[in-house]
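Geometric and topological summary
One letter stands for each residue in the lines below.
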Amino acid sequence: AIVAMLAKAVGCFGAAKLARFGKKDSLRIGVGMMARGEVALIVATKGVEGGVLSSEFFIAVIALIIMSSVLTPVFYRMTP
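**Concerning the pattern of salt bridges**
In this structure the tally under the stated criterion is 1 salt bridge. Between K46 and E49 there is a salt bridge, and its shortest N-O distance comes to 3.7 Å. Here K46 and its partner E49 are both found in helix α3 (residues 38–49), 3 residues apart, which amounts to about one turn of the helix. Take K46 and E49: they sit in the same class, and that class is exposed.

**A few points about helix α1 (residues 2–18)**
When the terminal C-alpha atoms of α1 are compared, their 24 Å separation across 17 residues agrees well with the 24 Å that a helix rising 1.5 Å per residue should span. Of the positions making up α1, those classed as buried are M5, A9, C12 and A16. The buried residues of α1 occupy one face: seen down the axis, they fall within an arc of 70°. Projecting away from the buried face of α1 at angles above 90 degrees are the exposed residues V3, L6, V10 and L18. Looking at the packing, one finds that the buried side of α1 touches α2 (23–32) and α4 (55–78). The first or second residue beyond α1 is R20, which carries a positive phi of 70°.

**Brief notes about unusual backbone geometry**
Although it is not a glycine, R20 adopts a positive phi angle of roughly 70°. Along the chain, the position of R20 falls in the loop between α1 and α2.

**Describing the side chain of S68**
By the element assignment, S68 lies in helix α4. Dropping the residues within four chain positions of it, S68 is found in contact with M5, M34, A35 and R36.

**As for a nonpolar patch on the surface**
A contiguous nonpolar surface patch, about 290 Å² in accessible area, is contributed by V74, F75 and M78. Judged by its relative accessible area of 61%, M78 falls in the exposed class.

**Some details on the packing of α1 against α2**
Where α1 contacts α2, the axes come no closer than 7 Å and their chain directions differ by 145°. The interaxial crossing formed by α1 with α2 has right-handed handedness. Along its contact with α1, which presents A9, C12, F13, A16 and K17, the element α2 presents K23, S26, L27, I29 and G30. Taken together, the residues of the contact of α1 with α2 break down into 6 nonpolar, 2 polar and 2 charged.

**As for the packing of α3 against α4**
The interhelical angle for the contact between α3 and α4, taken along N-to-C directions, is 170°, at an axis separation of 10 Å. In terms of their interaxial angle, α3 and α4 are classed as roughly antiparallel. Touching A40, L41, A44, T45 and V48 of α3 are F58, V61, I62 and I65, all from α4. A class-by-class count of the residues in the contact of α3 with α4 yields 8 nonpolar, 1 polar and no charged.

Rules used throughout
- Residues numbered from 1 in each chain as written.
- Predicted model: local features only at pLDDT ≥ 70, side-chain atom pairs only at ≥ 80, totals over all residues.
- Heavy atoms only, no water.
- Salt bridge = Lys/Arg side-chain N within 4 Å of Asp/Glu carboxyl O.
- Helix = DSSP H or I, 4+ residues; strand = E, 2+ residues; numbered from the N terminus.
- Buried < 20%, exposed > 50% of the residue type's maximum accessible area, 1.4 Å probe, protein only.
- Expected span 1.5 Å × (residues − 1).
- Arc of directions from axis to C-beta.
- Contact = heavy atoms within 4.5 Å.
- Patch = residues over 30% accessible without salt bridge, like charges linked within 9 Å, V, L, I, M, F, W, Y side chains within 5 Å.
- Areas by Shrake-Rupley, 256 points an atom, 1.4 Å probe, with all protein chains shown as cover.
- Axes fitted to C-alpha atoms, helices over the stretch in contact; angles between N-to-C directions.
- Left-handed = near helix turned anticlockwise from the far one by under 90°.
- Nonpolar A, V, L, I, M, F, W, Y, C, P; charged D, E, K, R; others polar.
- Parallel < 35°, antiparallel > 145°, perpendicular 65-115°, else oblique.

What follows is the structure in structure tokens.
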């Protein structure tokens, strides 16, 4: 879960830098985009319904959604 959130934050930070945002703003964009939610939930639900994904994977997706929803605002407040 931490790797997924970190990968999204780093990717969004890099995209913001490519768009010529400053380092501080790019960091805020990266952290702000770290949350995962409705799309992951929809895809995982469809995967379980279609028999492609196991219930263990679905539980991991739910844990990721909860963790990212709780941690994103905390990390955002910590950005300079």
